[in-house]
Amino acid sequence: MKKIAIAGLGTVGGGVARLLTDNRKVLMNNTGEEITLGAVLVRSIKTDSEYAHLMTTDFSDIENDPSISIVVEAIGGVDAPFEIACRALKAGKAFITANKALVAEKGDILHALAKENNVPFLFEAACGGGMPIIRPIRTCLTSTDINYVYGILNATSNFILSEMDKGSTYDEAVKEAQVRGYAEADPSADVDGIDSVRKLSIILSMITGKKASPDDIRTVGITKLKDTCGGRVKLLARACINDGKVCAEVSPVLLPEGDVLTCVPSDRNGIVVRGAGSMETAYFGVGAGAIPTASAILADVVEAVKRPEYSGECAWTGEKLVISPWQDDSLPEYRS
Ligand code: NAP
Ligand code: HSE
């Protein structure tokens, strides 16, 4: 039997707790182990919660419990999650997170700590909710030089653009994204492109092995958009890696007619990854929301149960990645 702890029982943490019960059988089939919830870290105990008996406000209870081997963080922000991550990894527990702010800012340090303590550090849900992209880069694409990525990496802004296209006002669409649990605690992170640029920087760090800072990538959000051009304007995160030179940008872009990403509606995310050998591969999925995100997190839990050591593919160091402004003419040439 494996016991996990969840830190933060909001949209995502609540989804993980629920799916752990609902998907008990499939998790057991895929790991050969029963996976149960051992503890929940909260800010205040809610006595009427079905998880009240598992709640603690003190992370030491989890840190010092040898029966808990995996910590899932779903709090948000950087400082408290970083402290939890360091303590969990040093205590020899796998650390799994959906927190792109944390991974973008501290991923290099967490990789080093995970390696030192030989435990998994996994974050599939941090770059597109239910859309697989971290694991494909970490496994399927490890034999090819990735030289171009472009994608829709924020569900809230894509949902807003889709709703505006159907006639909603910007404000109505933002409210609905919040009600559905897609938006960040501060939705300006979504609509200003900050969430997308954090995800792009994680992907770039994985591809290059160096730390890509979101601050080094020009970022424009969707707040000033007046026209969605029939759904062809998307908040695009793109990067080109050519002969060791990297350029990147997040901005609203009018996609060419027929581009695969024009078919990514509503809360979906989509990303195209081109490798020198693999050519184009594309990924698509629900980019936010409790259950799709929890599904990605639990796939990491399955990996941590089956492979309880640090794996290290596509890890990055603290060496700074130099990123230039986006230039269309720096796109690599491809075989047709
Ligand atoms: P949320 O609904 O606001 O949930 C966060 C939870 O963490 C709240 O229950 C909050 O408790 C709790 N919390 C805050 N500080 C805490 C602390 N120090 N100790 C223990 N619990 C604490 O946020 P969310 O949407 O689930 O997002 C969580 C993380 O997942 C974020 O990093 C986000 O970027 C990421 N994510 C979200 C989605 C999504 O669709 N929502 C998808 C992918 C990734 P209180 O109620 O007391 O404030
Ligand atoms: N706020 C994020 C989004 C959550 O809308 O995409 C998923 O990362």
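Conventions adopted
Residues numbered from 1 in each chain as written. Chains lettered and ligands numbered in written order. Predicted model: local features only at pLDDT ≥ 70, side-chain atom pairs only at ≥ 80, totals over all residues. Heavy atoms only, no water. Helix = DSSP H or I, 4+ residues; strand = E, 2+ residues; numbered from the N terminus. Rg over C-alpha atoms; globule rule 2.2 N^0.38 Å. Buried < 20%, exposed > 50% of the residue type's maximum accessible area, 1.4 Å probe, protein only. Contact = heavy atoms within 4.5 Å. Areas by Shrake-Rupley, 256 points an atom, 1.4 Å probe, with all protein chains shown as cover. Phe/Tyr/Trp six-rings, centres within 6.5 Å; stacked < 30°, edge-to-face > 60°. Pairing = 2+ DSSP bridges. Core = buried A, V, L, I, M, F, W, Y, C linked by side-chain atoms within 4.5 Å. Domains from an automatic or database assignment. Near = heavy atom within 4 Å. Polar contact = N/O pair within 3.5 Å; in protein donor to acceptor, adjacent residues only side chain to side chain. Nonpolar A, V, L, I, M, F, W, Y, C, P; charged D, E, K, R; others polar.

J.: Requested: an account of the overall build of the chain, with residues and values cited.
T.: A count of helical and extended segments in the chain gives 11 helices and 13 strands. Expected size for 336 residues packed as a compact globule is a radius of gyration near 20 Å; at 20 Å, the chain falls within 12% of this value. When its C-alpha atoms are laid out on the principal axes, the chain stretches across 55 × 45 × 35 Å. With 336 residues in all, the chain has 54% of them scored as buried. A fraction of 70% describes how many contacts in the chain between residues 6 or more apart in sequence connect residues 24 or more apart. With an accessible surface of roughly 14600 Å², the chain has 49% of that area assigned to carbon and sulfur atoms.

J.: Could you give an account of the packing of aromatic side chains, naming the residues involved and the relevant values?
T.: Counted according to the given criterion, the structure contains 6 aromatic pairs. Judged by centre distance (6.1 Å) and plane angle (25°), the ring pair of Tyr148 and Trp326 falls under stacked. Taken together, the residues Tyr148 in strand 7 (residues 146-152) and Trp326 in the segment after strand 13 (323-325) connect sequence positions 178 residues apart. Classification of Tyr148 by relative accessible area gives buried; the value is 10%. Overall, the relative accessible area of 11% leaves Trp326 in the buried class. In this structure an aromatic cluster arises from ring pairing among Phe95, Phe121, Phe123 and Trp316.

J.: An account of the pairing of strand 9 (residues 233-242) is needed here, citing residue identities and associated values.
T.: Most of strand 9 sits inside the fold, with 9 of its 10 residues counted as buried. Two strands pair when backbone bridges link them, and strand 9 and strand 10 (residues 245-254) are joined in this way by 10 bridges, in the antiparallel orientation. Among the inter-strand pairings, Leu235 is bridged to a residue of strand 10, identified as Pro252. Here strand 9 folds back onto strand 10 in antiparallel fashion, the turn holding 2 residues, of which Asp243 has a positive phi close to 55°.

J.: Can you explain the nonpolar core? Please cite residues and give values.
T.: Within the largest apolar cluster, 66 residues are counted, with the highest numbers of intra-cluster contacts made by Phe95, Leu110, Phe123, Ile133, Leu200, Ile202 and Leu204. Top contributing element to this core by residue count: helix 5 (residues 100-117), with 7 residues. Formed jointly, this core draws a minimum of three residues from each of two domains, domain 1 (2-127 + 289-306) and domain 2 (134-287 + 320-334). Those residues in contact with Leu110 that sit more than four places away from it in its chain are Phe82, Ala85, Cys86, Leu89, Phe95, Leu102 and Phe121. One finds Val16, Ile70, Ala296 and Ala304 within the second-largest nonpolar core, a separate group that totals 29 residues.

J.: Could you give me a rundown of the site of ligand 2, with the residues and numbers involved?
T.: The full set of residues close to ligand 2 is Lys100, Asn154, Ala155, Thr156, Tyr182, Ala183, Glu184, Asp190, Asp195, Lys199, Gly287 and Ala288. Asn154 is positioned such that a nitrogen or oxygen atom in its side chain is 3.3 Å from an oxygen atom of ligand 2. Note that a nitrogen atom of ligand 2 is positioned 2.7 Å from one of the side-chain N or O atoms of Asp190. The set of elements that each furnish at least two residues to the shell around ligand 2 consists of helix 7 (155-165) and helix 10 (194-208). Of the residues contributing to the shell around ligand 2, the split by class is 4 nonpolar, 3 polar and 5 charged.

None of this, on its own, says anything about what the molecule does.
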